[in-house]
Amino acid sequence: MTYETYPLSALAIAEENVRHASRPDDGIQALAQMIAATGLQQPLCGYKRGRTKLLIYDGRRRLLALQHLASEDRLPKDCLDGIPCRIGSKAEARAASLGAGLGAKGFHPTEAFRQFAALIEEGQTVPDIAKRFSLSEREVEQRLRLARLAPQIFDAFAEDAITLEQAMAYALIDDPDRQMRVFETGGTDLPARMIRRQLTDGETPGTDKRVRLVGLAAYEAAGGRVRRDLFADEDDLSGVTLLDEGLLDDLTRARLLEVETVLGAEGWSWVKASVHADHDLYQTHGRERPERQPLPADAQQERDALVARRDALAGTAEHEDELDDEAWAEIERLDAALDDLDAQHTAYSPEDLARGGAMVSIRPDGSLDIVRGLVPRKALTPKAEKPALPHGVHRQLTERASQALARDLASHAETADLLLTAVMAQAAWSYGPITGMGLSGEMPRFTDGGTLPPDEALAARIDAAKAQVGRTLAETVENVAALADDQRAGLRQLALACLLDLSEMRGDARSEDGRSLGSLLARRMGTDLTRHWQPDDIYFRRLSRDQIVTALTEMGVPTKGLQKAKKADLVPVAARKAQEAGWLPEPLRFAHAPDGAAG
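Residues numbered from 1 in each chain as written. Predicted model: local features only at pLDDT ≥ 70, side-chain atom pairs only at ≥ 80, totals over all residues. Heavy atoms only, no water.

A. Region of the structure containing the overall build of the protein. For the protein, the count of helices and strands is 28 helices and 14 strands. Looking at the 599 residues of the protein, the share that counts as buried comes to 42%. Of all intrachain contacts in the protein linking residues separated by at least 6 positions in sequence, the fraction that spans at least 24 positions is 74%. As displayed, the protein has an accessible area near 32,500 Å², and 51% of this comes from carbon and sulfur atoms. (Helix = DSSP H or I, 4+ residues; strand = E, 2+ residues; numbered from the N terminus. Buried < 20%, exposed > 50% of the residue type's maximum accessible area, 1.4 Å probe, protein only. Contact = heavy atoms within 4.5 Å. Areas by Shrake-Rupley, 256 points an atom, 1.4 Å probe, with all protein chains shown as cover.)

See the structure below:
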């Protein structure tokens, strides 16, 4: 490499210079002042173009400072006869400039992205670039992906109109058209998590419980295509999107079929396996438990030995809190061994197998939830009398009760915190479903006829709360951590309110546990259901004439003359009397406690 002097007018910034398109920064004047005082301490680097031009690929700021001094006729003496330059080649210009810029102050990432893309166009490979700049191949691929952003998005990032996090979110997919559809809709203010959500709308995330069940490796081994987020951890399923949902469904069905076959071999009369639990089945079926069987002699001896060992350890101290950690750990191990031994010697009776079945569903973590011993309620209890109301009417009334309690719960922080604590404890240490709370990952789905009149203020609060939910639980935790205490309390209230479900499918399948919870909440909150809904003409038209007469009798209307009246005449009378008396149908009354002490 040689050194020559060039007149200032012959120098220009090379396009390979990583900052050739950048705006001059505020430090140019200060740099010019230093050069004027001490001279040019470091030569510029460039390559020749033609006979007279030298294009500078390293020294852009020094060149701008010299041009500034020349405009004021203040060039230092050592530059009056020419600017000292080190002469390089065009081939090494881009890499040399990029290497100098990567660690420089004020170096915008987009400048590197452009240059990495240019190196690829010149024929260099990802491994070559990674080795040259001491980067991993993944880091190079990340920069190349960002260089391929839709031009308008890339420019927005270069101008700092969007953040690096937003740019990486757009780079989740290598499709500029889809990127622009989201960008044009959300503009520069759309959070990164919402960008990712909109780009992957309708696709299957790697965190889907079906993926956790069959395994990502098995899906890929079967030919399934995936798209990986280059900016997520390589072992993080939240950074993976599955592109062949049909194949995933086939693999899931095959895995569930295997379980169905095993359960069928146990002797059950039916087995239902599905991705989501059929909660309606709990309304029509009860549960039989396996019976403990006599232990064989060797198993009984083993059990006696475990019990003796446990009792001996527990008896080493007068009080349980005097036991050390090692003793407690051994006791817990012995308890687990006893539970496992007892579980091995339980069995369902032949009658239960003949009339009962099993349900299989997938938990959010991908494990299987197997519920055995489901038996139709009519086989468990005496035949119920004919319901007082049509089943559809009964269901819609209990749906209204659920929504009324939910609306009150959204305004009662103390009751919401109480319920949240109870639900968490029940979920952690109880067996079976939690009646009254939809914890399956889906909000309750009420029928059209069972919905209350719209509450626009509450709907707006719920929409605002939904914005705190990220693509992963980790993102949601970060969002919640940024909230004030009162905002977190409001979020808890709304989430619980949206999960509350005390509806009953049929009038002859009452949920006593659900009604008990509803009554408790209503008493604590002083819920007045008549504020949310009262029977009207539409309701009474769905009843039979005899059912309307029964309702009027409950309202205190004299029965004389009612028996001969036509249904069409009774409907408006019943609606008016219900309004006057504040009367509610029986399926709603468990959630009505206007005199309760609000929590």
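B. Local environment of helix α13 (residues 245-265). For α13, with 21 residues, the first-to-last C-alpha span of 30 Å sits near the 30 Å given by 1.5 Å per residue. Leu-248, Thr-252, Leu-256, Val-259 and Leu-263 are the residues of α13 that are buried. Angular distribution of buried residues about the axis of α13 spans 55°; they occupy a single face of the element. Of the exposed residues in α13, those oriented more than 90 degrees away from the buried face are Arg-253, Thr-261 and Ala-265. Backbone geometry just downstream of α13 places Gly-267 in the positive-phi region, at approximately 110°. (Expected span 1.5 Å × (residues − 1). Arc of directions from axis to C-beta.)

C. View of the environment of Ala-568. Structurally, the position occupied by Ala-568 is in helix α27 (residues 567-581). A relative accessible area of 60% means that Ala-568 is categorised as exposed. Considered as a pair, Ala-568 and Phe-540 are 28 residues apart in the sequence and their alpha carbons are 9.8 Å apart.

D. Here's a closer look at the sheet that holds strand β8 (residues 240-242). Taken together, three strands build an open sheet; the order of strands is β6-β8-β7 and the sheet is antiparallel. The sheet is open, and its two borders are formed by β6 (204-205) and β7 (226-228), each paired with just one other strand. Of the pairings in the sheet, the one linking β7 to β8 comprises three bridges and is antiparallel in character. The partner of Arg-228 across the bridge, within β8, is Val-240. (Pairing = 2+ DSSP bridges.)

E. Just the pattern of salt bridges, in detail. Counted by the stated rule, this structure contains 34 salt bridges. Put simply, Glu-399 and Arg-395 hold a salt bridge, and the shortest N to O gap is 3.1 Å. You can see Glu-399 and its partner Arg-395 sitting in helix α19 (residues 391-409), four residues apart, about one turn around the helix. The class of Glu-399 is buried, set by a relative accessible area of 1%. Looking at Arg-395, the relative accessible area reads 23%, which means it is partly exposed. Arg-589 serves as the salt-bridge partner of Glu-554, at 2.6 Å between the closest nitrogen and oxygen. Here Glu-554, found in helix α26 (residues 545-554), pairs with Arg-589, found in helix α28 (residues 586-589); they are 35 residues apart in sequence, far enough to count as distant. (Salt bridge = Lys/Arg side-chain N within 4 Å of Asp/Glu carboxyl O.)

F. Spotlight on the sheet that holds strand β10 (residues 285-287). Spatially, the four strands line up as an open sheet ordered β9-β13-β14-β10, and their pairing is mixed. On the outer flanks of this sheet lie β9 (270-273) and β10, each paired with one strand and no other. Averaged over neighbouring strand pairs, the angle between their axes works out to 35° when direction is ignored. Where β10 and strand β14 (residues 368-376) come together, three bridges link them in antiparallel fashion. (Axes fitted to C-alpha atoms, helices over the stretch in contact; angles between N-to-C directions.)

G. Focus on the nonpolar core. Judged by nonpolar contacts, the single largest core of 51 residues is most densely connected at Tyr-539, Phe-540, Ile-548, Leu-552 and Met-555. Broken down by secondary-structure element, the contributors of at least two residues to this core are α19, α20 (413-429), α21 (456-466), α23 (485-499), α24 (512-525), α25 (537-541), α26 and α27. In terms of residue count, α19 provides more of this core than any other element does, seven residues in total. Leaving out residues up to four positions away in the same chain, Leu-552 has contacts with Val-557, Leu-562, Leu-570, Val-573, Ala-574 and Lys-577. If you look at the next biggest cluster of nonpolar residues, it comprises 22 residues, including Phe-113, Phe-157, Ile-195 and Leu-199. (Core = buried A, V, L, I, M, F, W, Y, C linked by side-chain atoms within 4.5 Å.)

H. Representation of the pairing of strand β4 (residues 53-58) in the model. Across three bridges, the pairing between strand β2 (residues 11-13) and β4 is parallel. Of the residues in β4, the one forming a bridge with Ala-12 is Leu-55. As paired elements, strand β3 (residues 44-49) and β4 share five bridges and run antiparallel to each other. Its bridge partner lying in β4, Tyr-47 is registered against Leu-55.

I. A look at the pairing of β3. Here β3 runs beside strand β5 (residues 83-87); their pairing, made up of three bridges, is parallel. Opposite Leu-44, over in β5, you have Cys-85 as the bridge partner. The turn joining β3 and β4, which pair antiparallel and follow one another in sequence, is formed by three residues; a positive phi near 70° is taken by Gly-50.

J. How the structure looks around the confidence of the model for the protein. Of all residues in the protein, 88% attain a pLDDT of 70 or more, and the chain-wide mean is 83. The least confident element of the protein, judged by mean pLDDT, is helix α3 (residues 90-102) at 67; the most confident is α13 at 95. (pLDDT = per-residue confidence, 0-100.)

K. The packing of aromatic side chains, seen in detail. Under the criterion given, the structure shown has seven aromatic pairs. Where Phe-113 meets Phe-157, the ring centres are 6.3 Å apart and the plane angle is 25°; that geometry is what we call stacked. Here Phe-157 lies in helix α7 (residues 151-158) and Phe-113 lies in helix α4 (residues 109-121), a separation of 44 residues in the sequence. Here Phe-113 falls in the buried class, since its relative accessible area comes to 6%. Judged by its relative accessible area of 4%, Phe-157 falls in the buried class. (Phe/Tyr/Trp six-rings, centres within 6.5 Å; stacked < 30°, edge-to-face > 60°.)

L. Unusual backbone geometry, seen in detail. Positioned with a positive phi, Asp-73 is a non-glycine residue whose angle comes to about 55°. Mapped onto the fold, Asp-73 is located in the loop between α2 (60-71) and β5.

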